[in-house]
Amino acid sequence: MRLLIMGPPGVGKGTQARGIAAHYEVPAISTGDIFRANVRNQTPLGQKVAAIMAEGGYVPDEITDAIVRDRLGEDDAAAGWLLDGYPRTLGQVEALDGVLAESGTALDAVISLVADEDVLVERLLKRAEIEGRADDNADTIRNRMAVYNQATDPLLAIYRDRGLLVEVDGIGTIEEVGGRITAALDQVAAS
Ligand code: ADP
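Quantities reported herein were computed from a predicted structural model and do not represent experimental measurements.

A. Fine view of the overall build of the protein. Each helix and strand in the protein was counted, giving 9 helices and 5 strands. Listing the helices and strands of the protein from first to last along the sequence gives β-α-β-α-α-α-β-α-β-α-α-α-β-α. For 191 residues, the compact-globule formula gives about 16 Å, and the C-alpha radius of gyration of the protein, at 16 Å, lands near that figure. Taken along the three principal axes of its C-alpha coordinates, the protein extends 45 × 35 × 30 Å. The burial tally for the protein puts 45% of its 191 residues in the buried class. Placing the 18 positive and 31 negative side-chain charges of the protein at their respective mean positions leaves the two points 3 Å apart.

B. Geometry of the site of the ligand. Every one of the 18 residues lining the ligand counts as a neighbour, but Thr31, Arg36, Gly57, Gly85 and Arg144 are closest to it. At a separation of 2.7 Å, a nitrogen atom of the ligand approaches a polar side-chain atom of Thr31. One of the side-chain nitrogen or oxygen atoms of Arg144 is found 2.8 Å away from an oxygen atom of the ligand. Its free accessible area being 550 Å², the ligand has 96% of it covered by the protein chains. Element by element, the count of residues in the shell around the ligand is highest for helix H2 (residues 31-40), at 4 residues. Classifying every residue of the shell around the ligand gives 6 nonpolar, 6 polar and 6 charged.

C. Summary view of the sheet that holds strand E2 (residues 28-30). Strand order across the open sheet formed by 5 strands is E2-E3-E1-E4-E5, with parallel pairing between neighbours. Either end of the sheet is taken by a strand with one partner, and the two such strands are E2 and strand E5 (165-169). Neighbour-to-neighbour, the strand axes of the sheet open up by a mean angle of 20°, direction not taken into account. Note: E2 against strand E3 (residues 81-84), 3 bridges, orientation parallel. From the neighbouring strand, Ser30 faces E3, where its bridge partner is Asp84. Lying over the sheet, helix H1 (residues 13-24) contacts strand E1 (2-6), E2, E3 and strand E4 (109-114), oriented at roughly 165° with respect to E1. On top of the sheet, H2 reaches E2 and E3; it is set at about 60° to E2, its chief contact.

D. Representation of the pairing of E1 in the model. The buried fraction of E1 is high, at 5 of 5 residues. The alternating pattern of E1 places Arg2, Leu4 and Met6 on one face and Leu3 and Ile5 on the opposite face, and all of these are buried.

E. Seen up close, the pairing of E3. Burial along E3 is two-sided: Trp81 and Leu83 and Leu82 and Asp84, pointing in opposite directions, are all buried. Pairing geometry for E1 and E3, over 4 bridges, is parallel. Bridged to Leu4 within E3 is Leu83.

F. Spatial organisation of the packing of H1 against helix H9 (residues 174-190). Two elements in contact, H1 and H9, have axes whose closest approach is 10 Å; the angle formed by their N-to-C orientations is 50°. If you check the angle between H1 and H9, you find them oblique. Handedness of the H1/H9 crossing: right-handed. Here Thr15, Gln16, Ile20, His23 and Tyr24 of H1 lie close against H9, whose contacting residues are Ile174, Val177, Gly178, Ile181, Thr182, Leu185 and Asp186. A class-by-class count of the residues in the contact of H1 with H9 yields 6 nonpolar, 5 polar and 1 charged.

G. Highlighting H1. Helix length check: H1, at 12 residues, gives a terminal C-alpha distance of 16 Å against a target of 16 Å (1.5 Å per residue), a fit within 8%. If you check which residues of H1 are buried, you get Lys13, Gln16, Ala17, Ile20, Ala21 and Tyr24. Mapping the buried residues of H1 onto a view down its axis gives an arc of 130°, with all of them on the same face. Exposed positions of H1 whose direction lies more than 90 degrees from the buried face are Arg18 and Ala22. Close packing links the buried residues of H1 with E1, E2, E3, E4 and H9.

Rules used throughout
- Residues numbered from 1 in each chain as written.
- Predicted model: local features only at pLDDT ≥ 70, side-chain atom pairs only at ≥ 80, totals over all residues.
- Heavy atoms only, no water.
- Helix = DSSP H or I, 4+ residues; strand = E, 2+ residues; numbered from the N terminus.
- Rg over C-alpha atoms; globule rule 2.2 N^0.38 Å.
- Buried < 20%, exposed > 50% of the residue type's maximum accessible area, 1.4 Å probe, protein only.
- Lys, Arg positive; Asp, Glu negative; His and termini not counted.
- Charge placed at Lys NZ, Arg CZ, Asp CG, Glu CD.
- Near = heavy atom within 4 Å.
- Polar contact = N/O pair within 3.5 Å; in protein donor to acceptor, adjacent residues only side chain to side chain.
- Areas by Shrake-Rupley, 256 points an atom, 1.4 Å probe, with all protein chains shown as cover.
- Nonpolar A, V, L, I, M, F, W, Y, C, P; charged D, E, K, R; others polar.
- Pairing = 2+ DSSP bridges.
- Axes fitted to C-alpha atoms, helices over the stretch in contact; angles between N-to-C directions.
- Contact = heavy atoms within 4.5 Å.
- Parallel < 35°, antiparallel > 145°, perpendicular 65-115°, else oblique.
- Left-handed = near helix turned anticlockwise from the far one by under 90°.
- Expected span 1.5 Å × (residues − 1).
- Arc of directions from axis to C-beta.

In structure tokens:
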């Protein structure tokens, strides 16, 4: 399985990505997690992206594309993967198309988690209180939503046109949403 999971900030992509990846026995690859680990460990990459992330902006495509290309080339990704948080720009869609074409592989499906923006902002503010993630504060959250709506939401149409989009209601318990996703993907696999 080669899958993408897309959706606005706070919709639960990361949580669902880990569950689906375990279900299909493929690695869940999160660009957000990779960047956060680099910031935490103060690597040269981390130093480059820390300020961008703290503001809720996007890391430049050339940096993000190179990281994903390398990661997809690792042994554990040979039989499949689930990408969480990538692609987020038109340039990244094209870069991923290039990586897939080079390896003679293709996407199986693109999961789109859908939820009302007001619900998501509320969720993120609550998470900010509990976890204190550096990019979870009211201003940053609003900026991440705006950047998502402007740069990433339009990409869904591309995958819809390619017949790959699987839209799933993201409101519910972790188990409910996870069940909806696997049911929808099983249908894709059977068709
Ligand atoms: P969220 O889904 O809540 O925005 P992520 O963990 O997916 O959180 O991403 C956190 C941050 O990492 C983003 O706001 C952005 O700064 C950076 N980032 C992650 N993935 C990408 C990407 N594909 N392109 C550019 N920046 C990214």
